[in-house]
Structures are given as C-alpha cells and as structure tokens.
Amino acid sequence: MGCFYCDEHHEGREAIMYKVGEMEAGVLYLFKDQAHKGRCALALKNHRKELCECGPEELAAFARDLARASGAVKELWGCDKINLGSFGDTNPHLHFHIVPKYEGGFEFGGSFAITNPEPVLLSEGEYQEMIAALHAAGIGVIMDVVYNHMYRYENVLNNTVPDYFFRQNEDGSLSNGSGCGNEFASERPMARKYMIDSLLYWAQEYHIDGFRFDLMGLYDVDTMNAARAALDALPGGRDILMYGEPWQGGGSQLHRYEANKANLSMLNERIGIFCDDTRDAIKGGCFNAREPGYVEGKPGSFWDIGGAVVAWCRSDRLPLHAPSQIVSYVSAHDNFTLWDKLLCVRYERPEFTASDPVALAQNRLAAGIYLTSFGLPFLQAGEEFARTKKGVGNSYRSSPALNRLDWARARQYHALVDYYRGLLALRAAFPRLGTTDRHAPEALQFFSLEQPLVGWTLPAAPGDGAWWRALCVFYNPTDTSRVVPLPAGRWKLLSNGTSSSLWRGESRTYEREALLMPYSATVFGAV
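Residues numbered from 1 in each chain as written. Predicted model: local features only at pLDDT ≥ 70, side-chain atom pairs only at ≥ 80, totals over all residues. Heavy atoms only, no water.

Could you give an account of the side chain of Arg387, with specific residues and numbers?
Relative to the assigned elements, Arg387 resides in the loop between strand E11 (376–377) and helix H11 (400–403). Here Arg387 sits buried without a salt bridge, and the closest side chain of opposite charge, Glu384, lies 7.9 Å off (N-O distance). Within the local environment of Arg387, its side chain forms a polar contact with the backbone oxygen of Asn403, the two atoms lying 2.4 Å apart. If near-sequence neighbours (up to four positions away) are discounted, Arg387 is found in contact with Thr337, Trp339, Asp340, Gln380, Ala381, Gly382, Asn403, Arg404, Leu405 and Arg409. (Helix = DSSP H or I, 4+ residues; strand = E, 2+ residues; numbered from the N terminus. Buried < 20%, exposed > 50% of the residue type's maximum accessible area, 1.4 Å probe, protein only. Lys, Arg positive; Asp, Glu negative; His and termini not counted. Salt bridge = Lys/Arg side-chain N within 4 Å of Asp/Glu carboxyl O. Polar contact = N/O pair within 3.5 Å; in protein donor to acceptor, adjacent residues only side chain to side chain. Contact = heavy atoms within 4.5 Å.)

Before we move on, can you summarise the packing of helix H2 (residues 56–77) against helix H3 (residues 124–136) with the specific residues and values?
Where H2 contacts H3, the two axes come as close as 10 Å, and the packing angle between them is 120°. When the axes of H2 and H3 are compared, the pair comes out oblique. Considering the relative orientation of H2 and H3, their crossing is right-handed. Residues Val73, Leu76 and Trp77 of H2 form the contact with H3, whose participating residues are Met130, Ala133 and Leu134. When grouped by side-chain class, the residues that make up the contact of H2 with H3 number six nonpolar, no polar and no charged. (Axes fitted to C-alpha atoms, helices over the stretch in contact; angles between N-to-C directions. Parallel < 35°, antiparallel > 145°, perpendicular 65-115°, else oblique. Left-handed = near helix turned anticlockwise from the far one by under 90°. Nonpolar A, V, L, I, M, F, W, Y, C, P; charged D, E, K, R; others polar.)

Give me the lowdown on unusual backbone geometry, citing residues and values where you can.
Along the chain, Gln451 connects to Pro452 via a cis peptide bond; the corresponding omega equals 5°. Note on placement: Pro452 falls in the loop between strand E12 (445–446) and strand E13 (454–459). Not every positive phi belongs to a glycine, and Asn335 is a case in point at roughly 70°. Looking at the secondary structure, you find Asn335 in the loop between strand E10 (326–328) and helix H9 (338–346). Phi angles above zero are rare outside glycine, and Arg512 is one such case at about 70°. With respect to the helices and strands, Arg512 occurs in the loop between strand E17 (509–510) and strand E18 (513–516). A relative accessible area of 67% places Arg512 in the exposed class.

Talk me through the pattern of salt bridges; I want residue IDs and the actual numbers.
Scanning the model with the defined rule gives 25 salt bridges in all. Across the pair Asp144 and Arg212 runs a salt bridge whose closest N-O atoms are separated by 2.8 Å. Residue Asp144 is located in strand E6 (residues 142–145), and its partner Arg212 is located in strand E7 (residues 210–213); the two are separated by 68 residues in the primary sequence. Of the residues examined, Asp144 reaches a relative accessible area of 43% and is grouped as partly exposed. When the shortest N-O distance is used, the salt bridge between Arg270 and Asp232 registers 2.4 Å. Here Arg270 is found in the loop between strand E8 (241–244) and strand E9 (272–274), whereas its partner Asp232 is found in helix H6 (residues 221–232), with 38 residues between them in sequence. One network of salt bridges, in which partners are shared, links Lys261, Asp276, Asp277, Asp304 and Arg317.

So what's going on with the sheet that holds E6? Residues and values would help.
Spatial ordering of the open sheet is given by E6-E7-E8-E9-E10-E11, a layout of six strands whose pairing is parallel. Of all strands in the sheet, those with a lone pairing partner are E6 and E11, marking the two edges. Looking at chain direction, E10 and E11 are connected through two bridges and run parallel. Across the sheet, the residue bridging to Ser328 is Pro377, located in E11. Running at roughly 160° to E8, H6 makes contact with E7 and E8 of the sheet. (Pairing = 2+ DSSP bridges.)

Structure, rendered in structure tokens:
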C-alpha cells in the first residue's frame, strides 16, 4: 500500500475520511469521526514530509489554505477554538488536523486524540450536508469527464450490450471521432441515460461543483441540454458549471446537431465552450509553433482582440450566445504552454528555462487581455509562473518530470504569480465582465486608436457592487511606450501592466491622457 494521501484510492484513508476538494496547495478531507463537529485534515498536494521542505510560494499557499479551511470550519459550526496538529510519524506526508473545540464539549481544555475509541459517526446524508457546507464556503471541485470513448473495444459497456454504446460506420467498423478507436453514442436513449445518471451521481454523492467535458463536440446538443436540465433540478444545481471542448478528435458518424461552436445557439446558455478563437487571437495558432498572435505583433490581429473582449457577442464568427458561454483562455493541458509558445515565436531554437523579459511582458499582456474580457476565464495550472514543458506540444505520454508543476519556477516568477492574483481579484471587483446577460457586451465602447493599440470603456451594471463606476482598458503589444487619450473624468490607475494590485492602495489618478508601457494591459477605474 502506498502513501496515505498520494494514492488516489487509499483504503485506509477512504475508511476514515471523505475528500472535500482541492485547494490552492492542499487537499481538504472531512473525518468520518465527528466527535469534534467539523473535524477535517488538510494535506499538501505534493509529497513532502516537513514544512521546511516547501518553497516559499508553496509554503505561503499552504498557509492560506489552512487559514481558509479552518476559518470556514469555525464559521460553519461555531466552535470556540480551532486546534491544529501536524504529526505523521507513521504517515510521513505533510498534513494538518483541523480540530474544532467546543467549551464544555469533548476534550475541551486538553489535547485531542488522533484516534477516538468511541467515534461519533453520522449518516451519509449528514456527511453530505457537511461537505456541501464546506463547498458553499468556497472550496470547490470541477471534474474532467471523458464520456466520449473507452480505452479499447473490449470494455464493460460493450460487454453489457455489444456495439450499442458506440457509433459505427456503414461497414460496421467503429467510428473514431475521438481519435482513440471509438466514440460514445450519446444520442441513443440508454447511452444518454447512462451519461446523465452518472453525472447526477457525481453531483449528488460527491458534490462535484462543475463538469468539464472532453471532446464535447462528440455529444449531441439534446443530450447536453438534458444533462443541464437534470443538474438544474438538483438543490443548488444551477450553480454547477458545465463547459467543454467544442470539437472532435477526428471524423465522426454523429450527424445530428453536435455540441460544437456551430451549434452554440442551440446549447443552454449555461453550457460553455473553450474558445480557440480567443486563444489563437491572443497568442497565435496552436498547431504552428511559430505563428504569432496579437501579443507577438501579428499584423491586423487587433480586430480579433476586439471580438475576444466582447466574447464574440458582436461578431458573426459565432452564432448568437451569452458572453458567459465563452471560456476565455490562452493555455490548457493540450498543446504548448503559454510560455513555450511565446518563446517558439521569438526564437528558432528557444531555451525554455532561460529568463526572457520580453516573453515575460507578453505573458502578462496575454493574461491582461483574457482576464479583462467578457466570459469565463480559465488558465492552465502553472501558467501564472511561466510553466514550461520544454517545447513539447502534446505531453500526455511524457514523463512526470516534464508534466509536474515546478514550484521552483513559482519562486523564480513570484512577481508574475502576484500579477495573476491581482488581476483575478480586480476582475472579481467588477462583476459585469462575468455576466450572463447576452446584451451586456453592447454597452462596451471601443476607442479609435492608432493600430495595433486596442482600448475600450465599460460602465458597471447598476447595483452589481462594482468598485468603480466604469473600467477603461488599453492593450499595447508594441515594444515602445504610447500615450493615449482618456475619456472625460478622473481615472484611477488600477493596473499598469506590471503591477495589477495598484487598485488596492492610493494609486495615481489620471485625466485627459495616460502613458502605456510596452507589451502591457493597462486598466483604469472611474472615480
């Protein structure tokens, strides 16, 4: 038996605790023994024995997780004191026990026992309520669901009803729209029922907060909409996210309203798609390593940046849709990381582990664009510290050493991490960018600027709690500083393209004009 916390299904762990969800650097578990109401454990994601083995960024993130989790427990169950303990003589994986104590209650005023000779066990429903409460406190899990294919022809579904669950070509061979040898026939009644029933099981029994659908273009629109309706019928089900890849992995025998970009208007407004139009406009095409995008100076690409900012709601590129259906991103698990792509465009023979100030500025600009656009922002883990796979564009068969998160880079590029953190918080302070209102992008006004600069302003929606009356944003993909005119009024500098947390303090206020730094996204708020 392997590590208590590293093993995905460790019998010993699953016998005494439930997994609640992943946090920034740790994984939270709820103990089945609830003699201390709300008792949890927080384990570090990476296998380390001691706190001193953690780098500064990992240590800080784990500390934030511990504070956030213990704070949620205290708020949810109203204990008088939180006890924290880190042991692990026989379980040497860094973890903390989070033990609520109640005055006059079990073990109050003393230490807590690792194992309780008289455990207090609850019903399954009570455990689920506790996990749901922790989720409601902001600890969530999105599950990657790959219904589109099985790993081989001989599988449990085919053994149940041969050839029913998989599409066939006219000659009887298996259709291969997944690129993995077969494809799931979601349009067939019992296949559809299997898919939806299992989604409901994950949502109800494991309290999954969202589902990301691999190769969603292999599912039919009716099945996806039926899944959305079934999840919506659950208590709190309308808060469950649904989004996926609106493409296929090859030619398919599904010829009826695929859940893809062409049929976006047929999908429920709360089913999102990864928008490769946004991705390619910002950083360049993913299949040609050297093809530039806007941040690398591609001529004429500013038009598409305008489309991306409004989530393509004012463009004929996509059918009618809500802005929240667009997942805005520049890197995911497939294809090049953002950092590798930027270096591939800049150099014929990149040195991916070398520091590059221009690529770093372009990285900030790319993030500055999609994090100030309408839609649902998404980033690959590690993008915030210039993650590299050393130029490997498809690493699913590569070593763990290549695919791992390199926390040394998080320390090296801590300023970039802070930049992402500040932009995410800034975005949260202006809710209109994440609206579901399909008419909201019409309120955004673009400025007439010298190419390739892009600039726009957007008023806050009435009563949405925005920190500023309006945003004014500029993108400069050139290697020179530029002066731009500002709309009438006073504008506080929120982010200058290097620091994204200026808005938290007393930053400078501008009128009439402002200076944009090279390779920058500059954000102002109306005051």
